[in-house]
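# Structure at a glance
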Amino acid sequence: MLDQIKGLHHVTSMAASAGTNNRFFTDTLGLRRVKKTVNFDAPDVYHLYYGDEVGTPGSVMTYFPFPHIARGRPGTGEVGTTLFSVPEGSLGYWTDRLTKAGVDGLKSDSAFGENRLHFAGPDGDGFALVEVKDDARAPWTGNGVGEDNAIRGFHSASLRLRDEGATAELLKYMGYQQIDARDGVIRLGIPGGNGADFIDIETMPNIAHAHLGAGSVHHIAFAVENREKQLEVRKALMDTGYQVTPVIDRDYFWAIYFRTPGGVLFEVATNEPGFNRDEDTAHLGEALKLPRQHAHLREVLEQHLEPIE
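Residues numbered from 1 in each chain as written. Predicted model: local features only at pLDDT ≥ 70, side-chain atom pairs only at ≥ 80, totals over all residues. Heavy atoms only, no water.

Per an unreviewed UniProt entry, the protein chain is named VOC family protein, and its organism is Rhizobium puerariae.

Listed below in structure tokens is the structure:
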């Protein structure tokens, strides 16, 4: 069993409009945009990152906004819901805030003894806020949400699978332990994690496979401290039979990717070097930052990409 993984690093999804996506995460949810860059493989498309003040691993939601992309079809083999941690007693505030903002899909429930508020993103994305007592992570409060209510980072992600067995065993090999199982959902947690510690697996044997599009999660990333730990994880996964990519430099972290038995794309990302490697912390996410291989496209991209505040 591995011990290098310390919880979630980031979750990356698809969107149809950069402007709508940016407004939702900064204005409605009160997160900070910590990086405005472009997709490495499609530089005419933004890659936007939202999180806490510095984009701490375990707090970062990222998006590829492809203009006019068709909406995804929910199903199995994907992340169904991404859940954020908020302070105990704050769901009333969030219900009012999201209702006034015209957010769809608001629904309150509880699971594993925790109160939750479900809601939909602009493209039908599945989200929930979870009340967590004594989450010590510092929130970003620069977009008008006070400290008593602000998002602390991820709480968990929920996987929708036709068969949970092989993916559950993979997660256990990655260091997760089964904590509970209720109402057809298995909860796994990482001991000594970064606060974004849980993965829930919902088994849906009769549901068709998801179709990727706007509102879909493209991949989910797990955090390791550094490149040395990442290489240890890569070797262990390959020795176990997984097809893992070479290490890829993503400017703000190094990444490896592999497909799980249930169909979800997993990434293992380093905590280093971080989002302030090319911007001062006070000005994160303000300027358009380009990967080195796309730097020569700046003039064209600045004219092509949708302006966002």
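## Concerning the overall build of the protein chain
Definition in use: Helical segments are the DSSP runs of H or I of at least four residues, strand segments are the runs of E of at least two, and each set is numbered from the N terminus. Here the globule rule reads 2.2 Å times residues to the power 0.38, and the radius of gyration is calculated from C-alpha atoms. Working definition: with a 1.4 Å probe on protein chains only, accessible area under 20% of the residue-type maximum means buried, over 50% means exposed, and in between means partly exposed. The contact rule is simple, with two residues in contact once any of their heavy atoms fall within 4.5 Å. Method for areas: the Shrake-Rupley scheme with a 1.4 Å probe, in which residue coverage is limited to the protein chains shown.
The helix and strand tally for the protein chain stands at 5 helices and 16 strands. Compactness check: the protein chain gives a C-alpha radius of gyration of 18 Å against a globular reference of 19 Å for 309 residues, within 12% of the reference. Its C-alpha atoms give the protein chain principal-axis dimensions of about 50 × 45 × 35 Å. A buried classification covers 56% of the 309 residues belonging to the protein chain. In the protein chain, of all internal contacts separated by at least 6 residues, the share reaching a separation of at least 24 is 67%. Of the roughly 13,300 Å² of accessible surface on the protein chain, 48% is carried by carbon and sulfur atoms.

## Focus: the pairing of strand β12 (residues 198–203)
This is how the line gets drawn: Two strands are said to pair when DSSP picks up at least two bridges between them.
In this structure, strand β9 (residues 153–161) lies alongside β12, joined through 6 bridges in parallel fashion. Bridging from a neighbouring strand, L161 pairs with T203 of β12. Examined bridge by bridge, strand β11 (residues 185–189) and β12 share 5 bridges and lie antiparallel to one another. When the sheet's bridge partners are listed, V185 is paired in β12 with E202.

## Structural notes on the UniProt feature "domain: VOC" (unreviewed entry) in the protein chain
Formally: UniProt positions are given in the numbering used here, feature names are shortened, and annotations may be inferred rather than shown by experiment.
Residues given the UniProt feature "domain: VOC" (unreviewed entry) here are residues 7–132 and 153–271. Between the C-alpha atoms that bound residues 7–132 there is a distance of 16 Å. The span itself is 17% helix and 44% strand. In this annotation, residues 153–271 is assigned 18% helix and 42% strand; the end-to-end C-alpha distance for the span is 15 Å.

## Thoughts on the environment of E279
Note the cut-off: Any pair of nitrogen or oxygen atoms within 3.5 Å is treated as a polar contact; in protein, a donor-acceptor pairing is required on top of that, and neighbouring residues in sequence qualify only through side-chain atoms on both sides.
With respect to the helices, strands and loops of the structure, E279 is situated in the loop between β16 (265–273) and α5 (298–304). Residue classification places E279 among the buried positions, given a relative accessible area of 8%. Residues E279 and V34, spaced 245 residues apart in sequence, show a C-alpha to C-alpha distance of 9.4 Å. Ignoring anything within four residues of it in the chain, the contact list for E279 reads V34, K35, L284, G285, E286, A287 and K289. Within the structure, E279 has its side chain in polar contact with the backbone nitrogen of A287 (distance 3.4 Å).

## What to know about the nonpolar core
Note the following rule: Remark: nonpolar core denotes a set of buried residues (Ala, Val, Leu, Ile, Met, Phe, Trp, Tyr, Cys) joined through side-chain atoms within 4.5 Å.
One finds L171, I199, I220, F222 and F266 to be the most contacted residues of the largest nonpolar core, which totals 64 residues. Counting residues in hydrophobic clusters, the runner-up holds 12 residues, among them F253, Y257, F275 and L284.

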